[in-house]
Amino acid sequence: MNLILLGPPGAGKGTQAKRLEQSHGLVQLATGDMLRAATARGSELGLKVKAIMDSGQLVPDGVIIDMIAERIARPDCRNGFILDGFPRTVPQAEALDEMLAERRQTLDHVILMQVDEAALIDRLAGRFSCKNCGASYHERYHRPQAEGVCDLCGGCEFVHRPDDRPEAVEARFEVYRRQTAPILPYYRDRGILRTVDGMGEIDEVARQIEAIVASAK
Ligand code: AMP
């Protein structure tokens, strides 16, 4: 099963993708996480994209498409994957179709997480993640069970993303409206776009997504 989770920054795509990874044995392919890992390693790619990411703009399509094409071809993706943060432009959506056609794979569901923008700004401002495994938390809504210790890996260091600063958040919303929202009709026309209310509790959103995943295409 191959899925796309769509939605503006802070909609909860990463949190829900991690759940689906555990419940369905799918692989989470989060382009933002891949780019942040490249930046942390100080690789050529990482250095090239860091300033773009920190400003909240999009990395060029060619860079992202090559990165995903290489990742999808790895054996662990054979049982299915969840795309989180990709595609973000119409050319990326078209490139994904080509990649999947070449591999004789299909998209099963494109799930849009619908959210309220003002509430999202609040969510992003309080967001932090485990430096070791990337698990995400929130200062008010989702603190680690033991204070200062990651629930998933036991790590004790946490980080705030540079692009969760208010100026960058605004740029990311603008980019979403202008460049990413136009891919919605692309999937709606094919009848595979489904919508969930992303403003509910994490468990409730997960239930809505599970219902879609369990339904036939
Ligand atoms: P995310 O963690 O998904 O919010 O992504 C963080 C940043 O990485 C974005 O603001 C972009 O700068 C870059 N990025 C991630 N995915 C993509 C993509 N599919 N296309 C272009 N840029 C991306």
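Residues numbered from 1 in each chain as written. Predicted model: local features only at pLDDT ≥ 70, side-chain atom pairs only at ≥ 80, totals over all residues. Heavy atoms only, no water.

Our focus in this paragraph is the sheet that holds strand β7 (residues 158–159). Pairing is antiparallel in the open sheet, where three strands are placed in the order β6-β5-β7. A single partner strand is all that each edge strand has here, and the edge strands are β6 (136–138) and β7. As paired strands, strand β5 (residues 127–130) and β6 are joined by three bridges and run antiparallel to one another. By the bridge assignment for β6, Arg-127 is matched with His-138. (Pairing = 2+ DSSP bridges. Helix = DSSP H or I, 4+ residues; strand = E, 2+ residues; numbered from the N terminus.)

Using the criterion set out here, one finds four aromatic pairs in the structure. Pairing Tyr-137 with Phe-158 gives two aromatic rings, centres 5.8 Å apart and planes at 80 degrees, and the pair type is edge-to-face. Here Tyr-137 is found in strand β6, whereas its partner Phe-158 is found in strand β7, with 21 residues between them in sequence. You can call Tyr-137 buried: its relative accessible area is 4%. Put simply, the rings of Phe-128, Tyr-137 and Phe-158 pair up and form one aromatic cluster. (Phe/Tyr/Trp six-rings, centres within 6.5 Å; stacked < 30°, edge-to-face > 60°. Buried < 20%, exposed > 50% of the residue type's maximum accessible area, 1.4 Å probe, protein only.)

For the pair helix α2 (residues 31–41) and helix α4 (residues 61–72), interaxial distance at closest approach is 11 Å and the crossing angle is 100 degrees. By the angle class used here, α2 and α4 are roughly perpendicular. Taken together, the residues of α4 that come into contact with α2 (itself represented by Thr-31, Met-34 and Leu-35) are Ile-64, Met-67, Ile-68 and Arg-71. Taken together, the residues that form the contact of α2 with α4 break down as five nonpolar, one polar and one charged. (Axes fitted to C-alpha atoms, helices over the stretch in contact; angles between N-to-C directions. Parallel < 35°, antiparallel > 145°, perpendicular 65-115°, else oblique. Contact = heavy atoms within 4.5 Å. Nonpolar A, V, L, I, M, F, W, Y, C, P; charged D, E, K, R; others polar.)

Let us look at the pattern of salt bridges. On inspection of all chains with the given rule, the structure shows 18 salt bridges. The shortest N-O distance in the salt bridge between Lys-50 and Asp-54 comes to 2.5 Å. Within this pair, Lys-50 and its partner Asp-54 are both found in helix α3 (residues 44–55), separated by four residues, close to a single helical turn. Here Arg-143 makes a salt bridge to Glu-147, at a shortest N to O gap of 2.6 Å. The class for Arg-143 is partly exposed, based on a relative accessible area of 39%. Given a relative accessible area of 57%, Glu-147 falls into the exposed group. Within this structure, Arg-127, Arg-161, Asp-163, Asp-164 and Arg-172 form a network of salt bridges that share partners. (Salt bridge = Lys/Arg side-chain N within 4 Å of Asp/Glu carboxyl O.)

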